[in-house]
Amino acid sequence: MSPVYLFIACLSMLVSSAIAQADTTYAERLGFPRGKKVIVLHVDDAGMSYEANQGTRRAIDEGIAVSTSVMMPCAWVPDFMAYARQKPTLDVGVHLTLTSEWKGYRWSPLTGQKTGLCDAQGAFWPSVQEVVDQATPAEVDAEIRAQLARFRSFGIEPTHLDSHMGTLFDLKFMPTYVKLGIEQQIPLLFPGGHATLIVAANNIPQEQRVIARKVGRQLWDAGLPVFDDLDGSSYSWNLPAGMPVTDKALQRMKTEKYIDLLKRCQPGLTYVIMHCAQNSPQFSQITSSWPTRQGDLLAMLDPELKAYIQREGIIVTTCRELMARRKQAGR
């Protein structure tokens, strides 16, 4: 073979390899079948309140949710961690918390109140932007490490880390978040793959998508599993204005929305976020979001949604399984 033909042949092989690698999802790299939709049905905000704990338990024990994470600065953490200790295979992580968004029910940093992490009331800032404006990466690093330490103080090792309200996805704090996950070898919630759903829902600029891909490769190279995509849109799914808020209506609406989401979900590994709570008179005073949280719980209990997932051959997995697969996958 002439040098020219050899060069062309080698170039063709390199291009083909690059295309194949670009098309390979992180789900495939973890050993899942090519072309399959693989999802983690994840419940945020365990530990926030009694109602959130009850909703999370029911979504996992009676429904199809498989994963949760705990807000360590909140009052009902010991109650949930007692439940978690009784379930050694439970997929349970740290819901790293840097905001306190409700007006009448609030929580404070574990590292103390005289920092850029909290407002005049001594609680975390209500919004992500206020945290970004006021807190330093060093303060955030100390706080999320304190939250991880408190989680471990209950005698449980977290299966993953994620971020309440996505605060740690801000470019100011993302290196701190990534560093902690890599250093501790704990899987992180991060959409480092095709990110189809999250880009469509949030109109993410191209430069941020490029950064996300680079972070995904960094996490993978550090020995951690990586998600292809992320969706948290269920929090905004509400009944039409004027429709009575009943369990039947909430369940029907939420189940239909989840089925539509799964239809739009692309092959690969997707982290689906929800907030399950069992409503009470007290909880409805904490947050006006109680209907969407009750609806998420009812959808997880709905046999129709479970049947759809099974019928479509969608694979439901956990962060615990993902880390086990990552250890076997090599580079």
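Please refer to the structure placed before this passage.
Residues numbered from 1 in each chain as written. Predicted model: local features only at pLDDT ≥ 70, side-chain atom pairs only at ≥ 80, totals over all residues. Heavy atoms only, no water.

Caption draft 1: Broad picture of the overall build of the chain. Along its length, the chain carries 14 helices and 7 strands. What you see for the chain is a C-alpha radius of gyration of 21 Å, in line with the 20 Å of a compact globule of 331 residues. The principal-axis extents of the C-alpha atoms in the chain amount to approximately 80 × 50 × 40 Å. When the 331 residues of the chain are sorted by exposure, 50% land in the buried category. Expressed as a percentage of contacts within the chain between residues at least 6 apart in sequence, the contacts between residues at least 24 apart total 75%. (Helix = DSSP H or I, 4+ residues; strand = E, 2+ residues; numbered from the N terminus. Rg over C-alpha atoms; globule rule 2.2 N^0.38 Å. Buried < 20%, exposed > 50% of the residue type's maximum accessible area, 1.4 Å probe, protein only. Contact = heavy atoms within 4.5 Å.)

Caption draft 2: Looking closely at the side chain of Ser49. Within the element layout of this structure, Ser49 appears in the loop between strand S1 (37-46) and helix H3 (50-61). In this structure Ser49 comes out as buried when scored by relative accessible area, which is 2%. Not counting chain neighbours up to four residues away, the residues in contact with Ser49 comprise Trp76, Tyr105, Phe283 and Ile286.

Caption draft 3: Structural view of the nonpolar core. Within the largest apolar cluster, 99 residues are counted, with the highest numbers of intra-cluster contacts made by Met48, Val70, Leu161, Tyr258, Met300 and Leu305. With 7 residues, helix H10 (residues 247-264) is the largest single contributor of residues to this core. Beyond its immediate chain neighbours, meaning those up to four positions away, Leu161 contacts Val94, Leu96, Leu148, Tyr177, Leu180, Gly181, Ile186, Pro187, Leu188 and Leu189. (Core = buried A, V, L, I, M, F, W, Y, C linked by side-chain atoms within 4.5 Å.)

Caption draft 4: Geometry of the environment of Met81. Assignment of secondary structure puts Met81 in helix H4 (residues 77-85). Note on Met81: relative accessible area 0%, which makes it buried. Separated by 35 residues in the primary sequence, Met81 and Ala46 place their C-alpha atoms 9.3 Å from one another. Setting aside residues no more than four positions away along its own chain, Met81 makes contact with Val70, Phe151, Phe154 and Ile156.

Caption draft 5: Representation of helix H13 (residues 303-311) within the structure. Among the residues of H13, those classed as buried are Leu305, Tyr308 and Ile309. Burial along H13 is one-sided: seen end-on, the buried residues are contained in an arc of 95°. Residues of H13 that are exposed and point over 90 degrees away from its buried face: Pro303, Gln310 and Arg311. Contacts from the buried residues of H13 go to S1, H10, helix H12 (290-300) and strand S7 (315-316). Capping the start of H13, Asp302 holds a side-chain oxygen 3.0 Å from the backbone nitrogen of Glu304, two or three residues further along. Just beyond H13, the residue with positive phi is Gly313, at close to 70°. (Arc of directions from axis to C-beta. Polar contact = N/O pair within 3.5 Å; in protein donor to acceptor, adjacent residues only side chain to side chain.)

Caption draft 6: Just the packing of aromatic side chains, in detail. Under the defined criterion, the tally for this structure stands at 8 aromatic pairs. Taking the centre distance of 5.8 Å and the plane angle of 75° together, the rings of Tyr105 and Trp107 count as edge-to-face. Seen from their ring centres, Phe227 and Tyr271 are 5.0 Å apart, and the 80° between their planes marks the pair as edge-to-face. Here the residue Phe227 occupies a position in the loop between helix H9 (206-221) and strand S5 (229-231), and Tyr271 occupies one in strand S6 (residues 268-274), the gap between them amounting to 44 residues. The ring of Phe32 has Arg325 sitting right over it, with the charged end atom 3.8 Å from the ring centre. The positively charged end of Arg326 is found above the aromatic ring belonging to Trp220, 3.7 Å away from the centroid. (Phe/Tyr/Trp six-rings, centres within 6.5 Å; stacked < 30°, edge-to-face > 60°. Lys NZ or Arg CZ within 6 Å of the ring centre and 35° of its normal.)

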